[in-house]
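Structure at a glance
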Amino acid sequence: MMRRLFVLLITSLFALLGSLAAQRASSDSTLLTVDRIFGSPAFRGGSLGSLAWLSDGLGYTTLEPTAGGKAGRDIVRYDAETGLKTILVPAARLVPAGDSTPLEIEEYSWSADGRRLLIFTKSQQVWRTNTRGDYWVLDLAGWTLKKLGGAGPASTLMFAKFSPDGGRVGWVRYGEYNIYVEDITGGKITQLTRDGSRTTINGTFDWVYEEELGLQDGWRWNSDGQSIAYWQLDATGVRDFLLYDVTDSLYAFTTPVQYPKAGQTNSAGRVGVVNAGGGETRWINIPGDPRNTYIARMEWVPARGGSKELVIQHMNRLQDTLHVMMANAQTGQVRTVITETDSAWIEQFDGLRFLNGGKDILWESERSGWTQLYLFPRDGGAPPRPLTSGNYDVFGVQRVDTIGKWVYYIASPDNPTQRYLYRINYAKAGPPARITPAGEPGVHSYNLSPTGGYAIHVYSRFGVPPTTTLVSLPDNHLIRTLVDNAPLKAKVAGLRLGATEFRQVDIGSGIKLNAWFIQPPNFDSTSRYPVLFYVYGGPGSQTVTDAWGGQNYLWYQMLAQRGYIVASVDNRGTGARGRAWRKLIYRQMGVIETQDQAAAARAVGRLPYVDSTRLGIWGWSYGGFMTLNALTQAPDVYRMGISVAPVTHWKYYDTIYTERYNGLPQDNAAGYDKGSPLTYAKNLKGRLLIVHGSGDDNVHFQNTEAMVNALVAANRPFSLMVYPNRNHSISGGSTRQHLFTLLTTFVEENLPATTNGERRAALP
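Our subject in this report is the structure included herewith. (Residues numbered from 1 in each chain as written. Predicted model: local features only at pLDDT ≥ 70, side-chain atom pairs only at ≥ 80, totals over all residues. Heavy atoms only, no water.)

Concerning the packing of helix 5 (residues 550-561) against helix 12 (residues 735-750)
- Packing of helix 5 against helix 12 brings their axes to within 12 Å, and their N-to-C directions diverge by 30°. Compared by their axis directions, helix 5 and helix 12 come out roughly parallel. When you trace helix 5 past helix 12, the crossing you get is right-handed. For the pair helix 5 and helix 12, contact is made by Asn552, Trp555, Met558 and Leu559 and by Phe740, Leu743, Thr744 and Val747, respectively.
- Class assignment for the residues of the contact of helix 5 with helix 12 results in 6 nonpolar, 2 polar and no charged. (Axes fitted to C-alpha atoms, helices over the stretch in contact; angles between N-to-C directions. Helix = DSSP H or I, 4+ residues; strand = E, 2+ residues; numbered from the N terminus. Parallel < 35°, antiparallel > 145°, perpendicular 65-115°, else oblique. Left-handed = near helix turned anticlockwise from the far one by under 90°. Contact = heavy atoms within 4.5 Å. Nonpolar A, V, L, I, M, F, W, Y, C, P; charged D, E, K, R; others polar.)

Take a look at the structure:
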């Protein structure tokens with residue numbers, strides 16, 4: 001009896017201490033809690049999400065609340081040099097006839113002459129983003145406001161765009177998937193395609209093209225406004241994956257999503273050209289089986305008086321060969337001007353430009369072993385000329401100045417965790433010039449004006465919220481600060497934060513992995529700490545970058561305050577370290593990455609201040625897949641893991657992504673199985689929590705069900721949390737707050753910050 005009473009007293013004492021600690025954390029502004037991070041606006045920063053450059057490059061517009069707290073937002077112009085503010089479009093001018101409140105602007109664009117404004121509002125979701133809604137045109141000359149689309153259903157227009165002369169708008173009708181052109185003044189609507197349906201998709205894309213090739217808007221005006229080029233997908237034979245929903249009705253219902261899984265039937269794609277006034281479509285004669293190839297990019301070739309050619313990036317299904325083709329829009333004939341091949345995979349390039357009067361093509365290639373820029377002669381006859389070179393990767397073209405003959409691009413030759421702006425002259429031999437000033441380490445992004453004289457510059461560091469400035473180019477001279485995030489920075493600076501460090505983890509055989517570490521605020525090198533690793537690890541990705549990490553960074557600091565070291569390591573297969581590093585994982589996703597993560601954990605576990613018996617790992621999506629593999633392929637390394645929305649076997653994922661990196665399952669069954677945690681479920685020793693949204697249209701809940709079955713068959717214990725009808729982001733309302741409370745509790749219960757007889761060396 002006495003022993004039982006003693007146990008009850010001790011239990012009550014710990015409960016009281018825990019309660020006091022929680023009260024202290026909630027009242028002490030230097031300490032973080034899940035509720036402060038995810039359940040309040042305390043650590044929300046500012047940005048310029050609505051900023052758009054005007055075509056003259058001398059000013060930009062933003063959306064700002066109207067004065068006096070009135071409804072709606074004004075469109076405001078700022079002069080880039082002086083900062084002079086002018087209200088271009090008052091919200092009061094955006095009130096439709098018969099209504100009393102202005103339109104809620106979600107997106108907007110100007111006609112080329114600046115006389116008309118196209119407004120997107122009342123959007124609804126298509127696949128994973130809101131791409132359908134209502135479009136309105138505001139004519140600034142008479143302040144007339146007109147809704148587009150005639151008498152069609154509400155919120156069904158997609159990808160509306162002004163014609164080059166600003167007199168017409170083209171758009172796609174959701175549901176019927178046909179392309180229309182509407183005359184703004186006269187109101188005439190011309191239907192350009194008539195065969196659209198759920199399986200014949202004109203001017204937009206199916207789920208997998210959008211998700212994996214980044215394609216949503218599937219049609220283009222020619223520069224003279226006389227023709228329109230567009231994609232058409234034939235989705236016949238693409239099977240539906242049924243999303244099961246029981247949350248909003250008494251009886252369950254399903255939502256079908258066209259989703260081709262690895263090795264299954266794809267949509268067949270082709271490109272057509274149609275007269276903007278109507279008529280028959282002329283189809284481009286692209287070789288190959290359209291069901292087993294991809295048209296990854298398509299644009300009109302710039303030309304005065306209206307181009308007669310298209311440039312198309314065309315890939316085979318395995319994505320190991322890419323052809324850049326020039327297509328005659330009148331005859332439909334094509335010729336290949338660039339061919340890229342690789343023993344692993346090739347990806348499309350968004351920075352393709354025609355330079356030197358159209359004689360050369362700016363192209364990105366890994367042929368040197370690193371991602372670099374080249375000039376390819378459009379008509380052949382000479383080898384490509386390297387524009388950039390070195391043992392580093394270029395991360396993308398920002399702008400091409402055809403007057404001064406400069407290419408602006410992002411790179412970081414000395415440190416792959418950082419990003420800087422460079423430029424190089426493509427007409428003169430010479431080294432590149434760094435635009436981002438020295439002495440500003442971190443991640444820099446730029447939104448250059450159309451003329452290249454100015455740029456919006458966003459800069460952050462690990463643990464330092466972003467600052468947005470307006471700078472002049474090419475000297476990066478500060479004109480003014482647009483968003484300093486001073487309140488957020490002050491709150492972060494006022495926290496009791498753990499020291500952070502970037503370094504490399506040596507896993508042997510000359511392999512050093514980039515990593516960051518967050519230590520407890522009152523770190524004691526004589527103590528021994530648990531370590532929680534955050535992993536993603538997917539192809540070409542990076543978690544180890546010197547940039548602000550938002551809510552997740554604050555959660556890691558909260559765990560550090562509670563006595564944890566938090567770390568993240570980029571395994572081989574991730575980005576910014578060259579072709580060989582990236583593509584070593586080909587046809588064996590989940591094998592080398594897992595070996596690297598486990599080797600890094602062992603190396604960290606040997607540090608004198610780390611308790612190697614208390615190592616944990618967590619990740620989301622590909623990181624969830626990696627977490628399951630880590631716990632089952634290296635069961636003696638990790639004490640616990642949290643896997644959120646994981647892929648568990650690549651046969652369950654989509655064609656484009658999976659086959660790019662793993663090949664076809666019909667040809668690589670062993671590789672698919674070797675990298676799957678289902679294969680190793682019987683090895684699980686550590687504590688495991690799996691979290692998934694049942695409405696995930698990206699990584700289907702089917703993946704988690706398969707893992708559950710494998711663990712049950714092996715009689716291995718685990719925990720499971722399902723969020724009903726939540727998608728891949730597991731968000732909405734208070735969902736994130738609930739989720740991270742769950743994750744925190746699981747970490748603290750299964751990866752204790754203290755051991756028996758050890759005094760906690762960090763904050764409660």
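Next comes the rest of the account.
Points about the environment of Val712
- If you trace the backbone, Val712 turns up in helix 11 (residues 702-713).
- Through-space distance from the C-alpha of Val712 to that of Lys682 is 9.2 Å; in sequence the pair is 30 residues apart.

A word on the packing of aromatic side chains
- Summed over the entire model, instances satisfying the criterion amount to 39 aromatic pairs.
- Both rings, one in Trp53 and one in Tyr60, keep their centres 5.6 Å apart while their planes meet at 80°; by these two values the pair is edge-to-face. The pair formed by Trp53 and Tyr60 is uniform in burial state, with each residue classed as buried.
- For the pair Phe462 and Tyr553, a centre-to-centre distance of 5.4 Å together with 80° between the ring planes defines the contact as edge-to-face. With Phe462 in the loop between strand 33 (454-461) and strand 34 (464-472) and Tyr553 in helix 5, this residue pair connects regions lying 91 residues apart in the sequence.
- Of the residues examined, Phe462 reaches a relative accessible area of 12% and is grouped as buried.
- A connected cluster of aromatic rings, assembled from ring pairs, spans Phe38, Phe462, Phe502, Trp516, Tyr534, Trp548, Tyr553, Trp555, Tyr556, Trp618 and Phe740.
- A cation over an aromatic ring shows up here: Arg503 above the ring of Phe517, its NZ or CZ 3.9 Å from the ring centre.
- Geometry around Trp581 places Arg577 over its ring, the cationic atom sitting 3.8 Å from the centre. (Phe/Tyr/Trp six-rings, centres within 6.5 Å; stacked < 30°, edge-to-face > 60°. Buried < 20%, exposed > 50% of the residue type's maximum accessible area, 1.4 Å probe, protein only. Lys NZ or Arg CZ within 6 Å of the ring centre and 35° of its normal.)

Considerations on the pattern of salt bridges
- Following the criterion strictly, the structure yields 28 salt bridges and no others.
- Put simply, Asp240 and Arg198 hold a salt bridge, and the shortest N to O gap is 3.1 Å. With a gap of 42 residues between them, Asp240 in strand 16 (residues 240-245) and Arg198 in the loop between strand 12 (189-191) and strand 13 (200-202) connect regions that are remote in the sequence.
- Residue Asp240 is classed as partly exposed on the basis of its relative accessible area of 33%.
- The partly exposed category is assigned to Arg198, whose relative accessible area is 38%.
- Residue Arg461 pairs with Asp546 through a salt bridge whose shortest N-O separation is 2.8 Å. (Salt bridge = Lys/Arg side-chain N within 4 Å of Asp/Glu carboxyl O.)

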